[in-house]
Amino acid sequence: QAGPNDLQTKADRLVQMSICASLARKFPKVTIIGEEELPTEDVTEDLIEDGHCEEILKKPCPAQYTGIKEEELVIWVDPLDGTKEYTEGLLDHVTVLIGIAYGGKAIAGVINQPYYNYEAGANAVLGRTIWGVLGVGAFGFQLTEAPAGKHIVITTRSHSSALVNECITALKPDHIIRVGGAGNKIIQLIEGKASAYVFASPGCKKWDTCAPEAILHAVGGKITDIRGNSFQYNKEVKHMNSAGVLAALRNYDYYASRIPNTVKESLVP
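Computed from a prediction, not measured in an experiment: that's the story for all the values here. (Residues numbered from 1 in each chain as written. Predicted model: local features only at pLDDT ≥ 70, side-chain atom pairs only at ≥ 80, totals over all residues. Heavy atoms only, no water.)

Participant: Help me understand the overall build of the protein chain in this model?
Facilitator: Across its full length, the protein chain carries eight helices and 11 strands. Rg of the C-alpha trace for the protein chain: 18 Å, near the compact-globule value of 18 Å for 269 residues, within the 12% margin. Principal-axis analysis of the C-alpha atoms gives the protein chain an extent of 50 × 50 × 40 Å. Counting the 269 residues in the protein chain, one finds 48% classified as buried. At a minimum sequence separation of 6, the contacts of the protein chain that also span at least 24 residues come to 69%. Looking at the protein chain as shown, the accessible area adds up to about 13,200 Å², and 52% of this sits on carbon and sulfur atoms. Separation of charge centres in the protein chain, based on 26 positive and 32 negative side chains, amounts to 7 Å. (Helix = DSSP H or I, 4+ residues; strand = E, 2+ residues; numbered from the N terminus. Rg over C-alpha atoms; globule rule 2.2 N^0.38 Å. Buried < 20%, exposed > 50% of the residue type's maximum accessible area, 1.4 Å probe, protein only. Contact = heavy atoms within 4.5 Å. Areas by Shrake-Rupley, 256 points an atom, 1.4 Å probe, with all protein chains shown as cover. Lys, Arg positive; Asp, Glu negative; His and termini not counted. Charge placed at Lys NZ, Arg CZ, Asp CG, Glu CD.)

Participant: For this particular structure, what's the right way to read the pattern of salt bridges?
Facilitator: Note that side chains of opposite charge can pair when their charged atoms are close. Counted according to the given criterion, the structure contains seven salt bridges. One salt bridge connects Glu-88 with Arg-157, and the closest N-O pair in it is separated by 2.5 Å. Separated by 69 residues along the polypeptide, Glu-88 in the loop between helix 3 (83-87) and strand 3 (95-102) and Arg-157 in the loop between strand 7 (152-156) and helix 4 (162-170) bring together distant segments of the chain. Judged by relative accessible area, which is 30%, Arg-157 ranks as partly exposed. Between Lys-193 and Glu-191 there is a salt bridge, with the nearest N and O atoms lying 3.6 Å from each other. Residue classification places Lys-193 among the partly exposed residues on the basis of a relative accessible area of 44%. (Salt bridge = Lys/Arg side-chain N within 4 Å of Asp/Glu carboxyl O.)

Participant: When you look at the pairing of strand 3 in this model, what are you seeing that I'm missing?
Facilitator: On a regular strand, one side chain projects to one face of the sheet and the next to the other, so that they alternate. Pairing geometry for strand 2 (residues 73-81) and strand 3, over seven bridges, is antiparallel. Across the sheet, residue Val-74 finds its bridge partner in strand 3, namely Ala-101. As defined by bridge partners, strand 3 adjoins strand 4 (residues 105-113) across seven bridges and the pair is classed as antiparallel. Directly across from Tyr-102, in strand 4, lies its bridge partner Lys-105. In textbook terms, the turn of a hairpin is the stretch between consecutive antiparallel strands, and for strand 3 and strand 4 this stretch comprises two residues, one of which, Gly-103, has a positive phi near 60 degrees. (Pairing = 2+ DSSP bridges.)

Participant: What am I meant to see in the packing of helix 5 (residues 182-190) against helix 6 (residues 206-218) here?
Facilitator: A pair of packed helices is characterised by two quantities: the angle between their axes and the separation of those axes. Closest axis-to-axis distance for the helix 5/helix 6 pair is 9 Å, and the angle between their directions is 15 degrees. Judged on the interaxial angle alone, helix 6 and helix 5 are roughly parallel. Crossing geometry of helix 5 relative to helix 6 is assigned as right-handed. Seen from helix 5, the contacting residues are Ala-182, Gly-183, Ile-186, Leu-189 and Ile-190; seen from helix 6, they are Asp-208, Pro-212, Ile-215 and Leu-216. Grouping the amino acids of the contact of helix 5 with helix 6 by side-chain chemistry returns seven nonpolar, one polar and one charged. (Axes fitted to C-alpha atoms, helices over the stretch in contact; angles between N-to-C directions. Parallel < 35°, antiparallel > 145°, perpendicular 65-115°, else oblique. Left-handed = near helix turned anticlockwise from the far one by under 90°. Nonpolar A, V, L, I, M, F, W, Y, C, P; charged D, E, K, R; others polar.)

Participant: What's the story with the environment of Leu-80 in this structure? I'm lost.
Facilitator: Inspection of the secondary structure puts Leu-80 in strand 2. Residue classification places Leu-80 among the buried positions, given a relative accessible area of 5%. Separated by 15 residues in the primary sequence, Leu-80 and Thr-95 have C-alpha atoms spaced 5.9 Å apart.

See below:
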């Protein structure tokens with residue numbers, strides 16, 4: 001009998017096979033790093049996506065990226081972010097993340113929410129895709145700022161710890177939201193539901209943050225580890241974000257200045 005984790009693994013693998021094989025066929029020189037270890041066997045044609053999005057192609061490419069060579073790009077793929085929530089039926093937490101990095105920096109990203117609107121009734125349009133490129137902007141959602149003067153902290157739902165809670169308490173939040181998925185948390189920031197995303201723990205990986213980082217930075221937000229270091233996304237980098245995550249659409253410095261030194265010292269990049 002298949003348990004939830006078997007379902008998750010099958011969903012993860014199929015989505016990643018589709019994304020990675022489709023990208024590799026179109027861009028054979030790009031480095032693609034995905035969450036799942038995949039077999040090298042051929043992928044069936046029904047998993048290959050060979051179309052492209054006209055809406056995106058209408059946008060001009062920023063001048064600083066026109067000379068990029070294919071082999072200089074690294075694509076970070078999380079086929080199913082919010083895995084635990086997926087198996088528990090919290091489908092709005094689930095995202096598919098594709099981040100593009102150049103020179104170690106996240107420059108473009110896609111967050112797909114396959115189950116967006118799943119509770120809105122039979123006639124609702126299911127799913128949406130949010131995307132962004134540095135120097136172009138971010139699209140597919142309504143950019144909204146959190147209520148002024150309110151400190152609404154969003155954090156992990158299933159990976160809490162004494163350190164995670166110590167860090168949040170120090171920020172003296174008006175409200176704490178606990179949800180799954182890094183992609184989902186960044187969406188809450190850019191849609192004004194939360195003012196800061198704080199996760200004082202290892203566990204988050206580069207494929208969790210690359211796409212959301214590009215989208216957040218494209219609209220003027222900021223994401224770092226808990227110690228204020230930028231994430232690096234070159235292909236040689238270790239996959240774990242060992243020093244946690246701190247992000248905000250606005251007022252990043254306010255939250256960064258209130259992270260206790262004891263928390264920073266507990267997390268080694």
